[in-house]
Structures are given as structure tokens and as C-alpha cells.
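# Residue-level structure breakdown
Chain by chain, the residues:
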Amino acid sequence: MHKILLILIVTLFSTTSYAAEFTDEQCSAAIVGIETTSDKISKKSVATFLESLTSKTCRGSVEYSEWSNEALFGVMQKSPSIFFKSLRTSSKSIKNQVQQELSQPIHDGINYPEINKSISKITDSSLRDYALNIFTPFLKKHLSEVKEWEKKNNQKWSYGG
């Protein structure tokens, strides 16, 4: 009985410390793991990426912060089902960090309509509703900003390449 309890405690602490902390190399590897073709993105690579978002080491790197923000939007577009399945089962701190990242996009060229189109193609209706519930407020904010920009500049917004 004592051995089982000890194993549970050690497992809990080792899982918690691993989930909370990454090395610089692990931070980069977490992003590389999801910046591959969509058919190569795994649930494990997305889960690792999501964990890296809350790592003090990763968050302390400006390069990681910029790269991970862009990668977050990219994986939502390339593999929305895997991304939102992983997010749905993530900790509250990860969910909060994703919300924070979505509220502060690193640049204005992120193609929200295309991400929304990808999310809308999720076949599991419960997962699709979950994803749209998270993403729609950011989409609406973006579209409002685009509309305002177009009016102010008398030009049509373009997402580029």
C-alpha cells in the first residue's frame, strides 16, 4: 500500500514539474512539432505545444512568444479537430493562456475567416460548437477592426499570400 501511494506521489510531482517547465530546446521543439503538414500533426504534439504555452522558460523568450503565437493560429487552421480536442481536455491555466494568446495576435495578417472556415468543417458537432464558442468572439473583434480600417483608409483589407 505504501509503495502504491509513493508511486502516485512521485508520478504526480514528476508530471506536474514536467508540464510546468521546459528547456529552451523543448520550447522550440514544441512549436516545430505542430508546424508540420496537417496530416503529421498528432494529439501528442499539440498537447506538448499547449503545455509549453504555460512554461516559464518558454514564456520568457521573446522569440518563442512570437513564434508560438503565430503557430497557435496556424494549428487552429491546419488541424482544428486535434487542436480543440486537446484544448478541451487541458488544464484551466492552459485554456486561460490560449485565450490570452488569441486576444493578442502577434500581427494583423492572421486570416481569421480562413481559421473560422476550418473550424466550421469539424465534423463532431459538439467539438465544433466548443471551438466556435472560443474562436467567434475573436473573429468578430477582428472583422470589426477590419471594417473600421477599410472605412478609415478607403481600401479593401487583404490577408496576403
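Preceding this section is the structure that the text describes.
In short, a report on the structure. Since the model is a prediction, treat every value here as computed from it, not as a measurement. Chains are numbered independently. Their residues run from 1 in the order of the written sequence. pLDDT decides what is reported in this predicted model: residues at 70 or higher carry local features, side-chain atom pairs at 80 or more are listed and counted, and totals for whole chains, interfaces and linings draw on all residues regardless. Heavy atoms throughout the structure, all of them, feed into the side-chain values; hydrogens and water do not.

## What about the overall build of the chain?
Looking only at helices and strands, the chain has nine helices and zero strands in total. Only DSSP runs of H or I with at least four residues qualify as helices, and only runs of E with at least two residues qualify as strands; both kinds are numbered from the N terminus onward. When the helices and strands of the chain are read in sequence order from the N terminus, they spell out α-α-α-α-α-α-α-α-α. Type-normalised accessible area, obtained with a 1.4 Å probe on protein chains alone, sets the label of each residue: buried when under 20%, exposed when over 50%, and partly exposed for intermediate values. Expressed as a percentage of the 161 residues in the chain, the buried residues total 33%. Here a residue-residue contact requires only that any non-hydrogen atoms of the pair lie within 4.5 Å. Considering only contacts within the chain whose residues lie at least 6 apart along the sequence, 68% involve residues at least 24 apart. Surface accessibility follows the Shrake-Rupley procedure with a 1.4 Å probe radius. Residue values consider only the protein chains on display as shielding. Of the roughly 10000 Å² of accessible surface on the chain, a fraction of 57% belongs to carbon and sulfur atoms.

## As for the nonpolar core
Residues Leu50, Met76, Phe83, Phe84 and Val98 are the most contacted members of the largest nonpolar core, which totals 34 residues. Looking at this core, the elements that each hand over two or more residues are α2 (24-32), α3 (43-52), α5 (62-78), α6 (80-88), α7 (92-103), α8 (112-120) and α9 (125-153). Excluding anything up to four places from it in sequence, leucine 50 contacts Phe83, Ser86, Leu87, Ser90, Ile94 and Val98. What we call a nonpolar core is a set of buried Ala, Val, Leu, Ile, Met, Phe, Trp, Tyr and Cys residues that are connected through their side-chain atoms within 4.5 Å.

## Some points on the state of the cysteines
Cysteine sulfur atoms that come within 2.5 Å of each other are treated as a disulfide pair. Under the defined criterion, the tally for this structure stands at one disulfide. Note on cysteine connectivity: cysteine 27 is disulfide-linked to cysteine 58, with sulfurs 2.0 Å apart. Disulfide cysteine 27-cysteine 58: torsion about the S-S bond near -95°, hence left-handed. Linking cysteine 27 in helix α2 with cysteine 58 in helix α4 (residues 56-59), this pair joins segments that are 31 residues apart in sequence. Taken as a pair, cysteine 27 and cysteine 58 share a single burial class, namely buried.

## Section: the packing of α5 against α6
A pair of packed helices can be characterised by two numbers: the angle between their axes and the separation between those axes. For helices, the axis comes from a line fit to the C-alpha atoms of the stretch in contact; other axes are also lines fit to C-alpha atoms, and the angle between any two N-to-C directions lies between 0 and 180 degrees. Put simply, α5 and α6 touch, their axes get as near as 5 Å, and they point 115° apart. Taken together, the residues of α6 that come into contact with α5 (itself represented by Leu72, Val75, Met76, Gln77 and Lys78) are Pro80, Phe83 and Phe84. Any residue outside Ala, Val, Leu, Ile, Met, Phe, Trp, Tyr, Cys, Pro, Asp, Glu, Lys and Arg is labelled polar, Gly included; the first ten of those are nonpolar and the last four are charged. Here the contact of α5 with α6 is composed, by residue class, of six nonpolar, one polar and one charged.

## What about the packing of aromatic side chains?
The geometry of an aromatic ring pair comes down to the distance between the two centres and the angle between the two planes. In summary, the pairing rule links any two rings of Phe, Tyr or Trp, Trp by its six-membered ring, whose centres are within 6.5 Å, and it sorts them by plane angle into stacked for under 30 degrees, edge-to-face for over 60 and tilted for everything else. Summed over all chains, the structure comprises six aromatic pairs. With 5.7 Å between their ring centres and 20° between their planes, tyrosine 112 and phenylalanine 135 make a pair best called stacked. Taken together, the residues tyrosine 112 in helix α8 and phenylalanine 135 in helix α9 connect sequence positions 23 residues apart. With respect to burial, tyrosine 112 and phenylalanine 135 carry one shared label: buried. Among the aromatic side chains, those forming a connected cluster through ring pairs are Phe73, Tyr112 and Phe135. The lysine or arginine in question, arginine 88, covers the ring of tyrosine 130, its NZ or CZ lying 5.9 Å from the ring centre. A ring is considered to have a charge above it if a Lys NZ or an Arg CZ atom is located within 6 Å of its centre and within 35 degrees of its normal.

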